[in-house]
Amino acid sequence: MYLYGASGHGKVVAEVAEESGYNIEAYIDENLSKEKVLSYPVLHDVPPHDIEVLISIGNNRIRKRIVDQNELFKYVTLVHPKTVISKRVKIGEGTIVMAGVTINTVVKIGKHCIVNTNASIDHDCILDDFVHISPNAALGGNVHVGEGSHVGIGANVIQGITIGKWCTIGAGAVIISDVPDGCTVVGNPGKVIKSKSLKI
């Protein structure tokens, strides 16, 4: 498999792939100054054949753009072996679940999501495509996170909340009411501080 993105996030993804028994061929990254990351070579062009890929870039919009531009990729789903995940959880292609994560029953996680280190997702949650749940963030039951939204480090979302598309939830925020599309929310309790365009 290939990892698309040779950043710090890409290093963590590589170790999840190793722990999951995958053979990593190389990274793909446009940054010409990068020649090797960990023990793996960095390619600056996409190989001219069908390849297995996981996009190892934390930025949700960039992941979506790469997916839109590379229709022939075969996407890998990675789950670190040191997680606690219900057998009734559904995880989409291209998603990675990091070490220490707990995901409870009847959760649906979309494509190309990141569920980062020690995050907790309770029952009946839905994460749409390209969502990033940061380290130590916690979602109560029946939370719906819209496409492309990023829930920051240590944020807490109470049960039954809907977070719209392409939102940013700040680190440590406490979300006790629904968040409209395109909003940035910070604080305890969470307050909207700005809105942004949903154009990708």
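The structure under discussion appears in the preceding block.
Just so we're clear, the structure is a prediction, and the values are computed from it rather than from any experiment. (Residues numbered from 1 in each chain as written. Predicted model: local features only at pLDDT ≥ 70, side-chain atom pairs only at ≥ 80, totals over all residues. Heavy atoms only, no water.)

A. Molecular detail of the overall build of the protein chain. For the protein chain, the helix and strand inventory stands at two helices and 25 strands. In terms of overall size, the protein chain behaves like a compact globule, its C-alpha atoms giving a radius of gyration of 17 Å where 200 residues would be expected to give roughly 16 Å. Each principal axis of the C-alpha distribution contributes one length, and for the protein chain these read about 45 × 35 × 25 Å. As displayed, the protein chain offers around 9500 Å² of accessible surface, 49% of which is attributable to carbon and sulfur atoms. Side-chain charges of the protein chain comprise 19 positive and 20 negative groups, with the mean position of each set lying 6 Å from the other. (Helix = DSSP H or I, 4+ residues; strand = E, 2+ residues; numbered from the N terminus. Rg over C-alpha atoms; globule rule 2.2 N^0.38 Å. Areas by Shrake-Rupley, 256 points an atom, 1.4 Å probe, with all protein chains shown as cover. Lys, Arg positive; Asp, Glu negative; His and termini not counted. Charge placed at Lys NZ, Arg CZ, Asp CG, Glu CD.)

B. Structural view of helix α2 (residues 60–69). When α2 is considered as a whole, its buried residues turn out to be Asn60, Arg63, Lys64, Ile66 and Val67. Projection of α2 onto a plane perpendicular to its axis shows the buried side chains occupying an angular sector of 160°, all on one side. Close packing links the buried residues of α2 with β1 (2–4), β5 (52–55), β6 (74–75), β13 (114–115), β16 (132–133) and β19 (150–151). Backbone nitrogen of Arg61 and a side-chain oxygen of the N-cap are separated by 3.0 Å at the start of α2; the cap is Asn59. (Buried < 20%, exposed > 50% of the residue type's maximum accessible area, 1.4 Å probe, protein only. Arc of directions from axis to C-beta. Contact = heavy atoms within 4.5 Å. Polar contact = N/O pair within 3.5 Å; in protein donor to acceptor, adjacent residues only side chain to side chain.)

C. Molecular detail of the side chain of Ser149. On the secondary structure map, Ser149 appears in the loop between β18 (144–145) and β19. Every residue in contact with Ser149, bar those within four places of it in the chain, is listed here: Asn60, Phe130, Val131, His132, Ile163, Gly164, Lys165, Trp166 and Cys167.

D. Fine view of the environment of Gln69. Residue placement: Gln69 occurs in helix α2. A residue is classified by how much of its surface remains accessible, and Gln69, at 57% relative accessible area, is exposed. Sequence separation of Gln69 and Glu52 is 17 residues, and the distance between their C-alpha atoms is 15 Å.

E. Summary view of the side chain of Thr184. Inspection of the secondary structure puts Thr184 in strand β24 (residues 183–186). Look at Thr184 and you get buried, because its relative accessible area is 10%. Aside from chain neighbours lying at most four places away, what touches Thr184 is Thr168, Lys191, Val192, Ile193 and Lys194.

F. Focus on the sheet that holds strand β22 (residues 168–169). Sheet architecture is open: eight strands sit in the order β7-β10-β13-β16-β19-β22-β24-β25, paired in mixed fashion. The sheet terminates laterally at β7 (78–79) and β25 (191–195), the two strands that pair on one side only. In terms of strand pairing, β19 meets β22 through two bridges, oriented parallel. Bridging from a neighbouring strand, His150 pairs with Thr168 of β22. (Pairing = 2+ DSSP bridges.)

G. Representation of the sheet that holds β6 in the model. What the six strands build is an open sheet, ordered β3-β4-β2-β1-β5-β6; its pairing is mixed. The two strands at the open ends of the sheet, each matched to only one other strand, are β3 (36–37) and β6.

H. Structural detail: the nonpolar core. In terms of nonpolar packing, the biggest core is built from 30 residues, with Leu127, Leu139, Val151, Ile163 and Ile169 touching the most fellow members. The residues contacting Leu127, other than those within four sequence positions of it, are Lys108, Ile109, Gly110, Cys113, Val115, Ile121, Ile133, Leu139 and Val145. (Core = buried A, V, L, I, M, F, W, Y, C linked by side-chain atoms within 4.5 Å.)

Limitation: the analysis is restricted to geometry and does not speak to function.
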